[in-house]
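Overview (structure and organization)
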Amino acid sequence: MSCPVHHSVQMNPVITPLEWLLGTWQSEEPGEGRFPTIQPFRYSETLQFSHVGQPVINFSFNAFLVDSKKPLHRECGFIRMQPGTNKVAFIVAQNTGLVEIEEGELTGQHLNLRSHTIARISFAKEPHVKEVSRTFELLPDGRLEQRVSMATDSQPLTEHLRIAYVRSP
Ligand code: HEM
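Here is a short report on the structure shown in this document. If you're wondering where the values come from, they're calculated on a predicted model, not measured in any experiment.

Calculation rules
Residues numbered from 1 in each chain as written. Predicted model: local features only at pLDDT ≥ 70, side-chain atom pairs only at ≥ 80, totals over all residues. Helix = DSSP H or I, 4+ residues; strand = E, 2+ residues; numbered from the N terminus. Rg over C-alpha atoms; globule rule 2.2 N^0.38 Å. Contact = placed C-beta atoms within 7 Å. Buried ≥ 20, exposed ≤ 12 C-beta atoms within 10 Å, placed from the backbone. Near = placed C-beta within 6 Å. Nonpolar A, V, L, I, M, F, W, Y, C, P; charged D, E, K, R; others polar. Core = buried A, V, L, I, M, F, W, Y, C linked by C-beta atoms within 7 Å. Pairing = 2+ DSSP bridges.

1. A closer look at the overall build of the protein
Of the regular secondary structure elements, the protein holds 0 helices and 11 strands. Mapped from its N terminus to its C terminus, the protein presents α and β elements in the order β-β-β-β-β-β-β-β-β-β-β. Against the 2.2 N^0.38 benchmark of 15 Å for 169 residues, the protein shows a C-alpha radius of gyration of 16 Å, consistent with a compact globule. When its C-alpha atoms are laid out on the principal axes, the protein stretches across 45 × 35 × 30 Å. Within the protein, residue pairs in contact and separated by at least 24 positions form 40% of the contacts whose partners lie at least 6 positions apart.

Below, the structure is given as structure tokens:
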């Protein structure tokens, strides 16, 4: 899914604290996936963050098998900020049939989110996800890091994903 970046449109001031996310990011080293109930795996991922002048960031994340580039997990959605605060809402739909609203706080260039609402299609695969926590951080070397932990029916909140991206020109 492509998510066009409208450079010509001025950014809405409400979301300027999130300007550091904008653009396309590509994993350089494979990301690391793990969970107590699965085999560890490696993956590559492209992130796109854009805006169209609204007080909203549009995003689309596409993960692939490292070698074959076979499409895997996909997420898309919107990021909003409560005006005048550092409160952030991350609204996401996943190709697995999961939809979530995560909320949290922006501190500098570190976004810390936790799910407060999770819903899924009636025939979603088990185990069901009960909670997600996720961080995005701009590292001192200019890379973007994403970490995701989840709790399921059978496991407490545990790391699932850790990956760093470089900005695409
Ligand atoms: C917030 C995002 C994500 C959520 C909530 C999520 C959730 C899950 C869940 C519930 C499982 C099953 C765990 C179990 O059997 O106990 C799983 C497995 C897995 N996830 Fe994720 N996942 C996410 C993102 C990703 C991404 C980005 C990838 C990248 C490739 C990925 C790859 C996998 C793989 C390979 C497995 C093991 C095989 C399978 O069950 O399909 N996941 N994930």
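2. Some remarks on unusual backbone geometry
Glycine aside, a negative phi is what most residues show, and trans is what most peptide bonds show. Note the cis peptide between Glu126 and Pro127, where omega equals 5 degrees. Although it is not a glycine, Lys69 sits at a positive phi angle of roughly 65 degrees. Following the sequence through the fold, Lys69 ends up in the loop between β4 (56-65) and β5 (71-81). Accessibility expressed as a C-beta count within 10 Å gives 9 for Lys69, which makes it exposed.

3. Structural notes on the site of the ligand
Lining the immediate environment of the ligand, one finds 18 residues, of which Thr37, Tyr43, Ala63, Leu72 and His73 sit closest. At the level of secondary structure, the elements contributing two or more residues to the shell around the ligand comprise β3 (41-50), β5, β9 (129-138), β10 (144-152) and β11 (158-167). If you tally residues by element for the shell around the ligand, the top one is β10, at 3 residues. Its residues assigned to classes, the shell around the ligand shows 13 nonpolar, 5 polar and no charged.

4. Focus: the environment of Phe64
Tracing the sequence through the fold places Phe64 in strand β4. Every residue in contact with Phe64, bar those within four places of it in the chain, is listed here: Tyr43, Ser44, Lys69, Lys70, Pro71 and Leu72.

5. A closer look at the environment of Ile38
When you line up the elements, Ile38 lands in the loop between β2 (31-33) and β3. Take Ile38: there are 9 C-beta atoms within 10 Å of it, and that puts it in the exposed class.

6. Considering the nonpolar core
Counting residues in hydrophobic clusters, the biggest one holds 23 residues, and the most contacted among them are Leu18, Leu47, Ile57, Phe59, Ile79 and Val88. Every element with two or more residues in this core is listed here: β3, β4, β5, β6 (87-94), β8 (110-120) and β11. In this view, Ile79 contacts Leu18, Val56, Ile57, Phe59, Val88 and Phe90; residues no more than four positions away in its chain are not counted.

7. Here we look at the environment of Gln82
By secondary structure assignment, the location of Gln82 is in the loop between β5 and β6. For the pair Gln82 and Phe64, spaced 18 residues apart in sequence, the C-alpha to C-alpha distance is 33 Å.

8. Details of the pairing of β8
As defined by bridge partners, strand β7 (residues 98-107) adjoins β8 across 10 bridges and the pair is classed as antiparallel. Note on β8: the bridge partner recorded for Glu103 is Arg114. Between β7 and β8, which pair antiparallel in sequence order, lie 2 residues; one of them, Gly108, sits at a positive phi of approximately 60 degrees. Summarising the sheet, β8 and β9 pair through 5 bridges and their orientation is antiparallel.

All quantities given are derived from atomic positions and should not be read as evidence of function.
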